[in-house]
Amino acid sequence: MRRPQSDALEIDGLTLAYGGTNVLEQATARFAAEITCVVGTNGAGKSTLLRALATLIRPGAGSIRYGEVDVWGSAAALRDYRAQVGWVPQEIDMPGSASVIQVLRYAAWLKELPRQAWPHAEERVLSITGLGELAGRPVGRLSGGQRRRVMLAAALISTPRIVLLDEPTVGLDSEHRTALYDALRLVAQESIVVLSTHLLEDLASIADVAIEAVGGGLRPIDAPNSDVDVADRAAFYLRRMSSPLTS
Ligand SMILES: Nc1ncnc2c1ncn2[C@@H]1O[C@H](COP(=O)(O)OP(=O)(O)OP(=O)(O)O)[C@@H](O)[C@H]1O
C-alpha cells in the first residue's frame, strides 16, 4: 500500500556545494513511496543529492522536509529523520570474515533495535533480499551482487521509511540487478526508495519516477504511459535523456 501524501520527502530550493562551488542550486523535487531513479552524467551531482538526502552533507540553502518537518530544523528533527533512513553507499564496506547474519546483527545493534525484535527483523530482510540460504556465509565469500544485497538488507533492518541507494547496480550483471530490483520493488510498497544510476536502459524496468541531475538543477523525466511495453518505455527515457534542456 502506498504511504500517505503527508509522508513525502521534499527538497525545496536546495543548494549543495563543496567549498565554494555549487553542485546543485535551487533544486526542487518530491519523493513518494515508489522508486525514484536519479540519472545524469558523471559529476552531475547524483551522489551529492543522495548524500544530502541521507544528511551526510548539510545544504547551503533550501530545505529537506519529511512529512512537513524540516529535517535540519532542530537536533531532534534531525535525529528522528535519520532514524527513518536506510542508506546504502556506493562503496561496499563490510568485514569479509563476518557472516551475513553477523552483519545484520551489527546493523540492528547500531540502529538500537530492541534485541527481542532482531530475529523477526533478520528474517524479514533476508526474505526481502532473497539471502536466506546465505545467512551463515562470510560476506567475503559472496559475489558482488550478493554483497550489495547484504548492504541493502542491513539498511532495511530497522524498517526505514526512506531507502537511499547510491549507484547500487555498479558492477552487477543483469541477473544480480534483477534480484536487487525485485527486493527494491518489495521495499517500495511501503517506503520511499531513491537510487542513483547511470544505466538508462534499466529505468524502464525499475523507475516509477525518473529525475535528471543536469546543469546544477533537477529535471523530472515525464513518466510515460504505463500501458506501453518495456522496450518502448526504455526508448522513451533514452529520447528524453538526449533531448535539449528546453524541450
Ligand atoms: N568531497 C568532495 N569534495 C569536493 N568536490 C566534490 C566532492 N564530492 C564530489 N565533488 C564534486 O561534485 C560534483 C558532483 O559529484 P557527484 O559525485 O555528486 O556526481 P555524480 O553525478 O554522482 O557523478 P558520478 O556519476 O561520476 O558518480 C563533481 O564535480 C565532483 O567532482
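Residues numbered from 1 in each chain as written. Predicted model: local features only at pLDDT ≥ 70, side-chain atom pairs only at ≥ 80, totals over all residues. Heavy atoms only, no water.

The protein is annotated in an unreviewed UniProt entry as ATP-binding cassette domain-containing protein of Janibacter limosus. Recorded under Subcellular location (unreviewed entry), the UniProt text for the protein is reproduced unchanged: "Cell membrane". The protein has a UniProt comment under Sequence similarities (unreviewed entry) that states "Belongs to the ABC transporter superfamily." (UniProt positions renumbered as here; feature names shortened; annotations may be inferred.)

Asks: If you had to explain the site of the ligand to someone new, which residues and values would you point to?
Replies: In the region of the ligand, the neighbouring residues are Tyr 18, Val 23, Thr 41, Asn 42, Gly 43, Ala 44, Gly 45, Lys 46, Ser 47, Thr 48, Arg 51 and Glu 167. For the ligand, an oxygen atom lies 3.2 Å from a polar atom in the backbone of Ala 44. Across the complex, the protein chains shield 57% of the 630 Å² of accessible surface that the ligand would expose by itself. Of the residues forming the shell around the ligand, the biggest block, 4 residues, is contributed by helix α1 (residues 46–53). Here the shell around the ligand is built from residues that sort into 3 nonpolar, 6 polar and 3 charged. (Near = heavy atom within 4 Å. Polar contact = N/O pair within 3.5 Å; in protein donor to acceptor, adjacent residues only side chain to side chain. Areas by Shrake-Rupley, 256 points an atom, 1.4 Å probe, with all protein chains shown as cover. Helix = DSSP H or I, 4+ residues; strand = E, 2+ residues; numbered from the N terminus. Nonpolar A, V, L, I, M, F, W, Y, C, P; charged D, E, K, R; others polar.)

Asks: Which residues make up the layout of surface pockets, and what values do they have?
Replies: In this structure, the largest pocket spans a volume of roughly 790 Å³. Taken together, 25 residues form the lining of the largest pocket, with Trp 87, Ala 107, Leu 110, Lys 111 and Ala 154 sitting closest to its centre. Secondary-structure elements contributing two or more residues to the lining of the largest pocket are α2 (75–83), β6 (85–88), α3 (100–110) and α5 (144–156). Considering each element in turn, the lining of the largest pocket owes the most residues, 5 residues, to α3. In terms of residue class, the lining of the largest pocket is built from 16 nonpolar, 4 polar and 5 charged. (1 Å grid on protein atoms, 1.4 Å probe; cavity = no way out; pocket = protein on both sides within 12 Å on 5 of 7 lines; lining within 4 Å. Points joined across faces, edges and corners; volume = space filled by probe spheres on them.)

Asks: Give a description of the sheet that holds strand β2 (residues 21–31) that names residues and reports values.
Replies: A sheet is described by the order of its strands in space; here 4 strands give the open sequence β2-β1-β4-β5, paired in antiparallel fashion. With partners counted over all chains shown, the strands left at the sheet margins are β2 and β5 (69–70), one partner each. (Pairing = 2+ DSSP bridges.)

Asks: Please give an account of helix α4 (residues 118–129) that cites residues and values.
Replies: With 12 residues, α4 should reach 16 Å at 1.5 Å per residue; the first-to-last C-alpha distance of 16 Å fits that figure. For α4, the complete set of buried residues consists of Trp 118, Ala 121, Glu 122, Val 125, Leu 126, Ile 128 and Thr 129. For α4, the angular spread of buried residues about the axis comes to 160 degrees, placing them on one side. Exposed and oriented more than 90 degrees from the buried face of α4 are Pro 119, His 120, Glu 123 and Ser 127. The inward-facing, buried residues of α4 contact α3, α5 and α6 (174–187). Looking one or two residues beyond α4, the residue adopting positive phi is Gly 130, at roughly 65 degrees. (Expected span 1.5 Å × (residues − 1). Buried < 20%, exposed > 50% of the residue type's maximum accessible area, 1.4 Å probe, protein only. Arc of directions from axis to C-beta. Contact = heavy atoms within 4.5 Å.)

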